[in-house]
Structure formats: C-alpha cells, structure tokens
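Given next are the chains, with one letter for each unit.
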Amino acid sequence: MSEAAAGTARQGPGGGRPGVYTIPPHDAFADALAEGLLNGRPVSIETRLDLARAVVLLPNRRAVRAVRDAFVRKSGGALLLPRLSVLGDPEADPADFGLGEAGDALSEAEPVAALPRALMLSALVERWQEKTGKDRAKVETYRLAQELGRTLDTLQLWEVDPRTLEALPGADLATHWQQTAEFLAIVSDRWPEVLDARGEVDRVRQRTVRLAALSQRWADTPPRGAVIAAGIANADPAAAALLSTIARLPRGAVVLPSLDKAMATESWDRLSPSSPHPQVPLKLLLDAMSVSRAEVSDWSPDGASEHSGGAARTVVLTEALAAPSDTAAWTPLPMDHNGALGLSFAEAASPAEEAMIIALAFRRALDTDGKTAALVTPDRDLARRVAVQMTRWGVAVDDSAGRPLSLSPPGVFLRLALEAAQSRFAPAPLLALLKHPLAGPDTEARGDWLATVRRIDQLLRGVRPARGLQGIRNRITKTLDRDDPDRESIIEWWKAREVELRPLAALFQRRKTASIAESVAVLRAYLEAASGERFWDGQAGRAAADLIADLEREGDAGGTVGADDLPALMSAIMAELAVRPVFGTHPRLSIYGLLEARLQRTDLMILGGLNEGSWPRDDGFDPWLPPRIRAELDLPPLERAQSLAALDFLAAAAAPEVLLTRSKKADGAPAVASRYWLRVKARLGAAAKHDTQLERLAAAFDGFEKEPPAPRPEPSPPIKDRPTKISVTQVETLRADPYQFYARKMLGLEPLEGLGEDAGAAERGTIVHEILERLTEAQDLNDAAARAEALDKALKDYADHPLTQVLWRPRVARMLDWAAAQVAEAATLGMTVAAAERKGRLTEAGVTLTGKADLILSGRDGYTVVDYKTGAPPSTGRIVDGYADQLALLAWLVEAGAVDTVEAGPVAQIAYWRLSGGMTEGEIRASGRHNKAAWDDLPTYFDAAKARFRQVVGQYLTGGAAFTARLRPEYAPWNDYDQLARVAEWEGRSRE
C-alpha cells in the first residue's frame, strides 16, 4: 500500500489524528518513554495519580523491567507506576491488562501447557508417520511436533480457517507436500476438539479471542485512564487491531521504535514483506493499523533524553542498511565523521578469541564507576563462552536467555544416567556417570567414593567387558588381585551400584516400548537413589523436578517410546527449558538475545556474533508450510525474521558507545561476515575504527611466552639404580630408543589403555599364542576337534563382541589349521616338538637375559627356533642392522641350555611363522631360504647378535651411558613415550 493511499480516511472516534508516535534509534527508548509519560506528553497525564491509572503495553517481559527501571531513574523518588503488561508475547494474558472476568467459555478455559501440548501433537504426528510410511526416531517426531505447534500458532494468530487448507490447490505440489497439507488441515480442524475434551484451549487461540473482545470493549467504552502501547514492531492481526483501537482512543498512544520518518516515499513504497529492510515490520504494522507514516509524530519533539546517542549515528546506520537501489546515493564520509564517534569494530581469529574480546570489554567497563554494558547476540554459544570467561574475575553475568536445563548439573546427570543405560553400561559412559558431582555422597565420604571410582576405572581399561551390569561385575572380580586388601570392599561397593542401576538397566534390556510416564518414573527412582535430595536442590534441580513431575503426569499423552530413544528425547525436552539464576549476577553487566535487547540500553552495547547465519540467521524452514502455501494463505514470509533482526541491529548499534565483534571462523571453518558488519564498514569507509587494543589483548591473553624448545632428553641415572634384567624383545628397544626403555623399566610408566576399546590385532595374537601353547603342550594340535574346542573356549570372553566373533573365528581357525599342518609336515621330516611357549634365562656380563620361545622343534641337525607372528615379521634390513635380534637371542638361550626342559644343543634353523589366516593362510620365513643377507651364516649371525647384546647392556645397564631418546626412530617399535620425551619440540616441529 502506498503512503498516499494509506493516508486517506483514518480518523479516530473523535475525528482526530491517530495517536501514533516514534522514538528514534539513537534515543534510549525506555528512558524517553518514561520521561514523556512523567512530563504528561503527548498523552494527557496531568497528575501522578493519572500515571498510576495508566496501562503501558510492551513487547516482552524484559521490556517491562527496562521501563520500570527507567521510571525509577527518572522519578528521583517514590512513584506509583502505571500498570506494565506484555502485549507482544503471543503467550501474554490479556486479562492482565483490562479484560477482567468478561469473556465467553473459550476465554475462560484453562490454557494447555507447552509440554503436554507438544506430547499430544507428537502422538498425532507419529500416527501420521506410521500411516504414510515415514517412521522417524522419537526425538525427530517430537521436534516435528514442536514445529507443528508453532505452525498451528501461526494459523491461529493469522486466523486461517482450516477449510482454507483443504481448498488449497495441491495438484501443482509435490506428493509429500500434498500429504502434509492434508494432515495439517485435519489437525488444525480437529485439534480444538482434542483440547475441548481435556477442558483446555490453546493459549494463542484464547489470546486472539481475548484481544478481539478487549479491542471491541475499548472501542465501545474507552478506558478512563491512558493506554500506551510501546516498543511493539511486529504484530499479528488481533494485536494490530488492538493497537489500531488504542491509537484512536481519546487517551491512547502507540509508540513505535526506530521508525524512519525521513525515508524517501518511493523507497518506503517499494518495501515488500519479504524484504530484509529494517523498516519492513513497521510498514506492515502501520498498514495493519490503517495509519500512514505521515501521521506518525515524534514522542520527544523537544530533544532526546539522557543516554542518547547521536543522530549522526542513526543517519549512518540507516544509510548502511538501505535497500541496494538506494546505496548509489552514498557519498564518502570524512575520517572524523560524527556517525563514527563511539562506534568501533573488533575482529577475532576464533569464537574463543571473540568471547575473550567481549569479556575484556566488559572488564574494562567495570573499571568505570557506574558504567553499564550489555552483550547483544543471537549466538547462544558465544553468550555462554563470554559468561565463562567472566568467571576469571569472579564476575557472574546475567544471561537473559538462561542456561538450558540439559546443560545444568542435574540435566547432565540425568542425561548421563540414560546414556549409560542405553550403552548397556559401557565403561566410558558408566564412569562419566559415577564421577559426576551428583553421584554418591557430598560429605567427607566423597573422597572415598572417588577413590573407588578410580579403581573401577583402572579395572575397566582395555577391551570392553561384556555388556550389562553382570559384565562389569565379572570384569571387576576377574581383574582384581585376590590378595588385594580392598578386593571385598570394591566388589561390595559395585554390588550396591548394581542395586541402584538394575531398574534402569531392565528398562533398556526389554527393548520394548513403554509409556513416557513409566520410563520417567524408573528414571526418577534411580536419580533419588543415586543422588538423594541433592538432585532437586537449586533452580536447576527444581526445574528438573517440575519437568519429571509433568512427564509422569502427562507423559501418556505422548504415546510410547523405545528405551533407546529416551536419551535423545529427554535431551530435546530439557533443551527447551531455561534455568536462570535468581540472584548473584553483576548488576552492571548483561547478556541479551535480540528479543530481550529491544528497548533496553546500556552505556556500552556490544553486538557480537556478526556473521552470516548467526546475525541475521538463515531463513527458517517450516516443515509444515512451504513458501507457496504460506503465500496462498497470506501468512507472513519466513524472511520477516531477517527484517526484525535488522531493526534490532539498528536500535542497538545506535547507542552512544558500541562495539561490533565477529570471528573469522565458525565451527572450525571460515565464516562470512554479517551483511550488517560489511554494510556499516562500507558506509563508514575510512572513518571505521577497530579497537586494536582489545584485539591484541585477546589474542595474547591465553598465550605464552616463547620458550626455547626442550632439548632431547638424556637421563643418566646412577649405575647402581639401573636394571640388571632385560628380555629378548627389549634389547632392540634399548638400542633404538633407550629413553623408552628407561621410561618403562626405570620410571615404571606403562601406557594407560583406553576405556571400552574394541578387541584388535594384539588381542587376536594373544588368543592364537595361548591356543597354540595349550594344544602343543597337550599334543592335540593335529586334532581338528580339539582345535575347534580350544577356539570356542578362547573366544568365549569375546561373546559380547559379535563382529569380532564373526571376523575372527574363521581367520583364527585357518591360522590354527595352517600351524598344525606345518608341525605335521615337520614330523614327516623327523622333527619333533621339543617345547612350546617355554621360558628361559641366562646371565651374561652381569645382566640376566630372559625370553620365551613360541615353538622349539628338535631334529637330526639340531633345534629349530620358531617365533609366531600374527602381523608382519621384521624386514631384512632391520635384521641386518641388528634391530630384530629376538630369534638370535632365543637361539643363544637354547644352545646354552637356559630354556626350561630343553637340553642344550645347537640351533640349526630359526624361522618366523607368519599366521595370517587370510587368502594366504600362512608363510614361513626361515634361515637357509630367506633373509640370506643376515641368516646365510647362522653362527656368524648369532655371534654378532651376542656382541650387540654385550655392547648395549654394557653401555646402558652396567655402564653409565645416558638413555637418549630416539637414537634410531625408524627402528623404535613404539611411540608411547614421545609426548613425555617432548619429541615434537626438539625435533623442530611447529608447536600447535
């Protein structure tokens, strides 16, 4: 609608001009509003009693608080405030500001609460999904139900008749959209009947009826006191109709925020509902009120109130956010332009650095007595980061959005309980649950509790135990040393935990669906047993208690839920519930969302998270109403949110002191600067200023002074403290990486195994060695039935690893068959098994050499020493260089008669038997045929290996050589100690 058309025939009941006003963005809205009402302008308020009788309608509850504080500041003493109520919130109750007890049955019905509404809609969506073959996880169904609720609200706010949905032309729509439209038509038509059966009504529908009744009542009988609607920039039809009535009351006024009265008429008329321009919401609202922009007056014609920014800033921002067609009129601004005064930019390398920039700006503001500051951002992660950073200085910041219940201690404990049960008590989630502060006692016994949990942690390291509580108990009892003095107390402690967890485990073991109420009742019982009354303490505990009570009472409305779906569903429900601290936050610092920031003004306004996708957010997606259907129904486009975000930016950035911040990265990837950031910088040009002090401080705040790289470690303990025993496998480690030997043997440091690891090649190799040892000792290796029985017994411990069972069984069976065939073939050549898995020890040069031979065969020419390899055997080069002397040293033990039950005798052959179990079941690499560069002359090779042994032990064990790290890294078999040795520093790698 053009301004010329909009300006005709718009007189109020008394024939006068509509009472519509505006406060410019550079003026503090709440202060200007309070000052105008206290001065009796422009609404006729002659006495303080008139002010007390007035009603002021505001867009949200935060605005109520801001206006109340503004009245306190402006009054300078005692004051009877007007009635401050919320109109802009769709969930606001119009009875609070004038409807009283009048109304029909609909307006008097009890509004349905948000949670049971979402659960009931979830059940409807689930049945529709089953009917259309679109089954989804319960949490996805719940989220769709929430979106369905918002869609129903939209349809009711814009008074769309369900029959209109049925009449939509669906032939041109995709099949799934046709199905969706049919379902939406049915639900919107029958949903009121569902609520009627409960004696309830949708809050939005009730509000629409009440607003219509109130609008009619005030039109027929204007209230005696003044009525002012202030700060509302976006209104549904019912609210817009009420605003239109208020504007035409004898003592009514509508005060709009940030209306651009200077905008060219042609530009104003070109604004469309889908345009992202900040004036779009105000234009649509004025059109809905049948008021032209020319009829809007200034609220404060005599000048701005205190805390006002400069009008030059508003001009710059308005030009920066203008439609692209209007930017051609831009002219360069001088570096000292007034519009740039008090406005600065700060760009960070990462979100964490951006949070530190804002925290430092907060901290700097606190150094000025009485100065207030607020962060305005739609980015909740950034808001939480800033709040955490401020705890460095012991400052708690008031975050208007609160913290999701799912991130509070009770919420996290609840999620951990469900995730542990869902995983069938896998070690990692189970220990996370047991280590949580709400688990166990909070008395002096807390230390004993944590000490026991740490013991359980150690016992559960390595390959994960069998699933379930019994699997945990079996691992604990099997792993605990029978001589451990704490054995019985640890087992009894775990049995007590089993009693607490068993009902929760049973819920997940059934693998059936149960009602949400039944599932939550089981969960509540565990929470009380595990944490006692502490779980319900504090704001978060009370919120969790209310949620659980609501779910137990109303959960049946949501149908049934599979146990495995319960953790995600509960997390989604808790994420919607915010917990805000009642007290303890700093009075001069705040964090606002865009909705909460409207009308509020602090001395320093920080606009953070200025990246595309964050501010403004991407266009939303409505899974129930595609854009074409929204247009057919004359509903506001989803792009409306972007124009509102632009209006919020305009109002906040027009404050006297403003800091705009962004991060160059988001989620680890490069981020695109917000259009507002780019537009304002482009408009200011050379006048744009960066707060380089904050940028430098933030970048260096958590930095470190550059230190010289650590030198290569070369510990040299006294000779008397050095070990005098070494195994044949450790000799090569001592030669290649003496520091590893030192860390393991002298410092006693063993790598800590992971929690709940899958069985890998090391475990498979252990199984093969154990089976071969057992079968060879029992002389059953050639018995196929004995091999199968031994394999079944060995894999019994891995019964809870089905994939391992499926992959390993045939492969290990082929390994055993191949090994048996080789032993049988050796027998045909006159060779017998002399020993299997037999230990030996020999003292030489003051050092005891130990080893264990996998297989020793005895033949006419002497012994054959065999080493099984389930992986790749050492390369020829490694053997030639002397970094794979294991077989040679074992041969030394055999020839010296140092192996148990094996008589001394010459070794005629050494061999690696590679057991692969794959396409090639196995491979023999034996002296005489392979590795001839090293093994062609065995006596010479054996002598060289002995010499290398004497040299290395004489150097490091009986001598004083330093245990230098990574002498031959290409032959160092493991790298478990590289971090301890700080290898990355002294090898010259960049420090990350």
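Conventions and cut-offs
- Residues numbered from 1 in each chain as written.
- Predicted model: local features only at pLDDT ≥ 70, side-chain atom pairs only at ≥ 80, totals over all residues.
- Heavy atoms only, no water.
- Helix = DSSP H or I, 4+ residues; strand = E, 2+ residues; numbered from the N terminus.
- Rg over C-alpha atoms; globule rule 2.2 N^0.38 Å.
- Buried < 20%, exposed > 50% of the residue type's maximum accessible area, 1.4 Å probe, protein only.
- Pairing = 2+ DSSP bridges.
- Contact = heavy atoms within 4.5 Å.
- Axes fitted to C-alpha atoms, helices over the stretch in contact; angles between N-to-C directions.
- Core = buried A, V, L, I, M, F, W, Y, C linked by side-chain atoms within 4.5 Å.
- Patch = residues over 30% accessible without salt bridge, like charges linked within 9 Å, V, L, I, M, F, W, Y side chains within 5 Å.
- Areas by Shrake-Rupley, 256 points an atom, 1.4 Å probe, with all protein chains shown as cover.
- Salt bridge = Lys/Arg side-chain N within 4 Å of Asp/Glu carboxyl O.
- Lys, Arg positive; Asp, Glu negative; His and termini not counted.
- Charge placed at Lys NZ, Arg CZ, Asp CG, Glu CD.
- Expected span 1.5 Å × (residues − 1).
- pLDDT = per-residue confidence, 0-100.

J.: Explanation requested: the overall build of the chain in the structure shown.
T.: Helix and strand content of the chain: 39 helices and 26 strands. Taking 992 residues into account, the globule formula puts the C-alpha radius of gyration at 30 Å, and the chain, at 39 Å, lies well above it. Each principal axis of the C-alpha distribution contributes one length, and for the chain these read about 125 × 65 × 60 Å. By the burial criterion, 52% of the 992 residues in the chain qualify as buried.

J.: I'm lost on the sheet that holds strand 16 (residues 589-592) in this one. Help?
T.: Sheets are built from strands that pair by backbone hydrogen bonding, the pairs being arranged parallel or antiparallel. The strand order 9-18-17-10-16-11 describes an open sheet built from six strands, whose pairing is parallel. Pairing within the sheet leaves two strands with one partner each, and these edge strands are strand 9 (343-348) and strand 11 (398-399). In this structure, strand 9 lies alongside strand 18 (residues 657-663), joined through six bridges in parallel fashion. The residue bridging E347 from the neighbouring strand is R662, located in strand 18. Packed on one face of the sheet, helix 15 (residues 351-366) meets strand 9, strand 10 (373-376), strand 16, strand 17 (604-607) and strand 18 and runs near 160° to strand 18.

J.: Help me out: how do you make sense of the nonpolar core in this one?
T.: The nonpolar side chains of a soluble globular protein tend to be buried with one another. Formed by 67 residues in total, the largest nonpolar core has its most connected members in L243, I246, L607, W615, F649, L660 and L684. If you look at the next biggest cluster of nonpolar residues, it comprises 60 residues, including F425, I490, W536 and V579.

J.: Help me understand the side chain of S406 in this model?
T.: Along the polypeptide, S406 turns up in the loop between strand 12 (403-404) and helix 17 (409-422). For S406, a relative accessible area of 9% corresponds to the buried category. What S406 contacts, discounting residues up to four positions off in sequence, is G411, V412, R415, S571, M574 and A575.

J.: Quick question: what am I supposed to make of a negative patch on the surface here?
T.: Among the surface-exposed residues, E166, D189, E193 and D196 lie close enough to one another that they form a single negatively charged patch. With three residues, the top contributor of residues to the negative patch is helix 9 (residues 175-198). Residue position: E166 is located in helix 8 (residues 162-166). On the basis of relative accessibility, which here comes to 52%, the residue E166 falls in the exposed class.

J.: Would you mind going over helix 10 (residues 203-220) with me for this structure?
T.: Along an α-helix, a turn takes 3.6 residues, which lines up residues three or four apart on a common side. Spanning 18 residues, helix 10 covers 25 Å between terminal C-alpha atoms, matching the ideal 26 Å at 1.5 Å per step. Looking at helix 10, one finds that the buried residues are V204, Q206, R207, T208, R210, L211, L214, S215 and W218.

J.: Got a minute to help me understand unusual backbone geometry in this structure?
T.: Leaving glycine out, the prevailing phi sign among residues is negative, and the prevailing peptide bond configuration is trans. A cis geometry characterises the amide bond from W615 onward to P616, with omega recorded as 0°. Mapped onto the elements of the fold, P616 is located in the loop between strand 17 and helix 26 (627-632). Phi at S290 takes a positive value of approximately 60°, unusual for a residue other than glycine. If you trace the backbone, S290 turns up in the loop between helix 13 (280-289) and strand 8 (297-298). We classify S290 as partly exposed; its relative accessible area is 35%. Of note, L599 is a non-glycine position whose phi angle comes to about 75°, a positive value.

J.: Would you explain the confidence of the model for the chain in this entry?
T.: As a note on interpretation, predicted positions should not be read in detail where pLDDT is low. Across the chain, the average pLDDT comes to 87, with 93% of residues at or above 70. Ignoring residues within four places in sequence, the model shows residues 4-15, a span with pLDDT below 50, making 16 contacts including any to other chains. The model gives residues 99-103 a pLDDT under 50, and that stretch makes 11 contacts with residues more than four places away or in other chains.

J.: Just to check I follow, could you spell out the sheet that holds strand 3 (residues 83-86) for this structure?
T.: Reading across the sheet, the six strands line up as 3-2-6-7-1-8 and stay open at both edges, with parallel pairing between neighbours. The sheet terminates laterally at strand 3 and strand 8, the two strands that pair on one side only. Strand direction decides the pairing type here: strand 2 (residues 55-58) and strand 3, joined by four bridges, are parallel. Note that in strand 3 the partner of V55 across the bridge is R83. Against the sheet, helix 11 (residues 237-247) makes contact with strand 1 (20-23), strand 2, strand 6 (227-230) and strand 7 (252-257), and its axis sits at roughly 125° relative to strand 7, the strand it touches most. Relative to strand 7, helix 13 is tilted by about 160°, and along the sheet it contacts strand 1 and strand 7.

J.: How do you make sense of the pattern of salt bridges when you look at a structure like this?
T.: Oppositely charged side chains can form a pair if their charged atoms are brought close together. A full pass over the atoms with the stated rule returns 57 salt bridges. With a closest N to O distance of 2.8 Å, D885 and R948 form a salt bridge. With D885 in the loop between helix 35 (876-880) and helix 36 (886-895) and R948 in helix 38 (residues 938-956), this pair connects stretches of sequence that are 63 residues apart. Residues joined in a network through salt bridges with shared partners are R198, E200, D550, R553 and E554.

J.: Help me out: how do you make sense of the pairing of strand 10 in this one?
T.: One face of the sheet, then the other: side chains in a regular strand alternate in exactly this way. Both faces of strand 10 are covered, namely the face carrying A373 and L375 and the face carrying A374 and V376. In the sheet, strand 10 pairs with strand 16 via four bridges, with the strands oriented parallel. When the bridges of strand 16 are listed, V376 appears paired with Y592. Of the pairings in the sheet, the one linking strand 10 to strand 17 comprises four bridges and is parallel in character. Across the sheet, L375 pairs through a bridge with I606, a residue of strand 17.

J.: Is there a simple way to think about a nonpolar patch on the surface in this case?
T.: A contiguous nonpolar patch, built from L747, L749 and L980 and spanning about 230 Å² of accessible area, is present on the exposed surface. Assignment of secondary structure puts L980 in the loop between helix 38 and helix 39 (983-986). For L980, a relative accessible area of 41% puts it in the partly exposed group.

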